[in-house]
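Here are the chains, one letter per residue:
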Amino acid sequence: MHERVRELEAALAEEALQLLLGRAEARLGYALTGQHTAAVVWSDDPAGDLARLDTLVTQLGRAAGTRPLSVLASAATRWVWIPGPGRIDIAALQDWLSAPGDVHIAIGPTADGVDGFRRSHLDALTTQQMMARLRSPQPVAR
C-alpha cells in the first residue's frame, strides 16, 4: 500500500514538473529540453558602449546558426544560452572581436536537458571569473 502511494506521489511530482517546464518554455520562447551551450558576454567597462554587448549576442547566435536566449544579468553582462549541438564558429567571433576592446565571451560546454542548461551556465560563469581574475586579453574562451 505504501509503495503504491509513493508511486502515485512520484508520478504527480513528475507531472507537475513537466507542467512547470512547459510554462517556463512558453514564457521564455526557448526549449529547456535538448542540448544547450551557455555563454557569458560582458564588458570590462560598464560605462562603455553597452549596445555592443547586444550586438555581440546576436553575432554569437549567428556564429552558432541559431537564435539564442539572452538575459540581462547586469548593465555590462549578458547571460546567453544557445540551443542545439553547440557548433559555434569561434573564428567568426574572434574576427568580429578583432578590434581592441573591452568585450569578452566565456563559453560553457554543451550539455543536455534542464540540468545541462544549469551546468553549462555555471561553467561559463567559472570561465568568466577566471578570465577576469587573470585579466586575460583573450576575447573568447571555452
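Just above sits the structure.
In short, a report on the structure.

### Regarding the nonpolar core
Here comes step 1: Core analysis: the biggest nonpolar cluster contains 18 residues, and Val41, Leu56, Leu60, Val80, Ile88, Leu93 and Ile105 have the highest contact counts within it.
Here comes step 2: Contributing elements (two or more residues each) for this core: strand S1 (35–43), helix H2 (51–64), strand S3 (77–83) and strand S4 (103–112).
Here comes step 3: Ignoring sequence-local partners within four residues, the contact set of Leu93 consists of Leu56, Gln59, Leu60, Ala63, Ile88, Ile105 and Val140.

### Concerning H2
Here comes step 1: Compared with the 20 Å implied by 1.5 Å per residue over 14 residues, the 20 Å span of H2 between its first and last C-alpha is a close match.
Here comes step 2: Buried within H2 are the following residues: Arg52, Leu53, Leu56, Val57, Gln59, Leu60, Gly61 and Ala63.
Here comes step 3: Looking at the buried residues of H2, the elements they touch are S1, strand S2 (69–74), S3, helix H3 (90–96) and S4.
Here comes step 4: Positioned one or two residues after H2, Gly65 has a phi angle of 75°, which is positive.

### Examining the pairing of S4
Here comes step 1: When you tally the buried positions in S4, you get seven out of 10 residues, the bulk of the element.
Here comes step 2: Here eight bridges tie S1 to S4, and the two strands are oriented antiparallel to one another. Of the residues in S4, the one forming a bridge with Val40 is Ala106.
Here comes step 3: Pairing between S4 and strand S5 (residues 140–141): two bridges, direction parallel. In the sheet register, Ala106 faces S5, and the bridge partner there is Ala141.
Here comes step 4: Of the crossover connections in this fold, the one passing from S4 over helix H4 (residues 113–134) to the parallel S5 is left-handed.

### Examining the environment of Leu21
Here comes step 1: When you line up the elements, Leu21 lands in helix H1 (residues 2–28).
Here comes step 2: Separated by 12 residues in the primary sequence, Leu21 and Thr33 have C-alpha atoms spaced 8.9 Å apart.
Here comes step 3: In this structure Leu21 touches Leu32 and Val114, once residues within four positions along its chain are discounted.

Basis of the calculations
Residues numbered from 1 in each chain as written. Predicted model: local features only at pLDDT ≥ 70, side-chain atom pairs only at ≥ 80, totals over all residues. Heavy atoms only, no water. Core = buried A, V, L, I, M, F, W, Y, C linked by side-chain atoms within 4.5 Å. Buried < 20%, exposed > 50% of the residue type's maximum accessible area, 1.4 Å probe, protein only. Helix = DSSP H or I, 4+ residues; strand = E, 2+ residues; numbered from the N terminus. Contact = heavy atoms within 4.5 Å. Expected span 1.5 Å × (residues − 1). Pairing = 2+ DSSP bridges. Right-handed = clockwise from strand over helix to strand, strands pointing away.

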